[in-house]
Amino acid sequence: MAPSLATAVALVLFLFSSAPPMAVVLAADGGAGGSTTHLHFFMHDILTGSSATAVQVTKGPVASAAIPGLAFGDTIVIDDALTEASLPSSAAVGRAQGFYMMTSQASGATLTVCANFLLTSGDYNGSTVAVMGPDDIAKDVRELAVVGGTGRFRMASGYVLWKTTSLNGPDATIELDVYVTTGGGSGGAATIDSSTPVSPIIGGGSSSAAVRPPVGGWVNSYIAALVVAVVVGSYV
């Protein structure tokens, strides 16, 4: 005896309602090339005086042959001001927080820099850019890598052009041109929109442009389709 039409419909609705919900899409594809933001500001690295923003925490045992006073292994922790112009009194745009270390022994004077640019003004307030790379202080312009970021610059890549504009003993002012690429990059990967809530279904940190629904959802949908086919066939 064929089931009543009302019973069949009720069964189909039950199966659909029991299917897990689709995962929320968090990411927006910025295109294969992504979008690049150019940031320009100055960093003030101050090791002297009562307002020092850089502190040496490790002294290396071997003196540098290139620069008197420096030694292989010297490590300096920084919380340097970032400003719009070269004067320390110009408008503040953020802080450079991290460290640099003397990592060359006999040839040249190369520091390895590892720092976060914490931005505190404008559209990028609260966002950070993570920078790492070699700083050969004998060169006029050095290139460091952007290795990540947060906020508006999540999953960022790019590079920094690093140029010393003034020296006063160990204190220095550095001009920084930062080119930050998001929303695609070389691999075409999507960047998570920082304003989008995290989906409880997939948790945080997924970089996928679209999330597949759970397997159970596909199975239940398939079963429902079979039920529809059987019911329709029984009434034809």
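Quick note: structure is the one above.
So, here is what we can say about the structure in this document. Keep in mind that this is a model prediction, so the values were computed, not measured.

**Comments concerning the overall build of the protein**
The helix and strand inventory of the protein stands at two helices and 13 strands. Classification of the 236 residues of the protein by burial places 34% in the buried group. In the protein, the proportion of contacts linking residues at least 24 apart, taken out of those at least 6 apart, comes to 54%. Here the protein displays about 12900 Å² of accessible surface, and carbon together with sulfur accounts for 63% of that area.

**As for unusual backbone geometry**
At Met-155, a position not held by glycine, the phi torsion is positive, near 60 degrees. With respect to the helices and strands, Met-155 occurs in the loop between β10 (141-150) and β11 (157-168). Overall, Met-155 belongs to the partly exposed group, its relative accessible area being 41%.

**Topic: the nonpolar core**
Membership of the largest hydrophobic core comes to 30 residues, with the highest contact counts inside it found for Phe-41, Phe-117, Val-129, Val-160, Trp-162, Leu-176 and Val-178. Contributing elements (two or more residues each) for this core: β2 (35-45), β6 (75-83), β7 (92-102), β8 (110-119), β9 (128-136), β10, β11 and β12 (171-182).

**Details of the side chain of Ser-90**
Along the chain, the position of Ser-90 falls in the loop between β6 and β7. Taking the relative accessible area as the measure of exposure, Ser-90 reaches 18% and is therefore buried. Separated by 3.3 Å, the side chains of Ser-90 and Thr-83 make a polar contact. Discounting residues that sit within four places of it in the chain, Ser-90 has contacts with Thr-83, Glu-84 and Ala-85.

**Quick look at a nonpolar patch on the surface**
On the surface, Val-55, Val-57, Val-77 and Phe-99 cluster together to form a nonpolar patch covering roughly 310 Å² of accessible area. Positionally, Phe-99 belongs in strand β7.

Calculation rules
Residues numbered from 1 in each chain as written. Predicted model: local features only at pLDDT ≥ 70, side-chain atom pairs only at ≥ 80, totals over all residues. Heavy atoms only, no water. Helix = DSSP H or I, 4+ residues; strand = E, 2+ residues; numbered from the N terminus. Buried < 20%, exposed > 50% of the residue type's maximum accessible area, 1.4 Å probe, protein only. Contact = heavy atoms within 4.5 Å. Areas by Shrake-Rupley, 256 points an atom, 1.4 Å probe, with all protein chains shown as cover. Core = buried A, V, L, I, M, F, W, Y, C linked by side-chain atoms within 4.5 Å. Polar contact = N/O pair within 3.5 Å; in protein donor to acceptor, adjacent residues only side chain to side chain. Patch = residues over 30% accessible without salt bridge, like charges linked within 9 Å, V, L, I, M, F, W, Y side chains within 5 Å. Salt bridge = Lys/Arg side-chain N within 4 Å of Asp/Glu carboxyl O.

Geometric descriptors of this kind do not, in isolation, establish any biological role.
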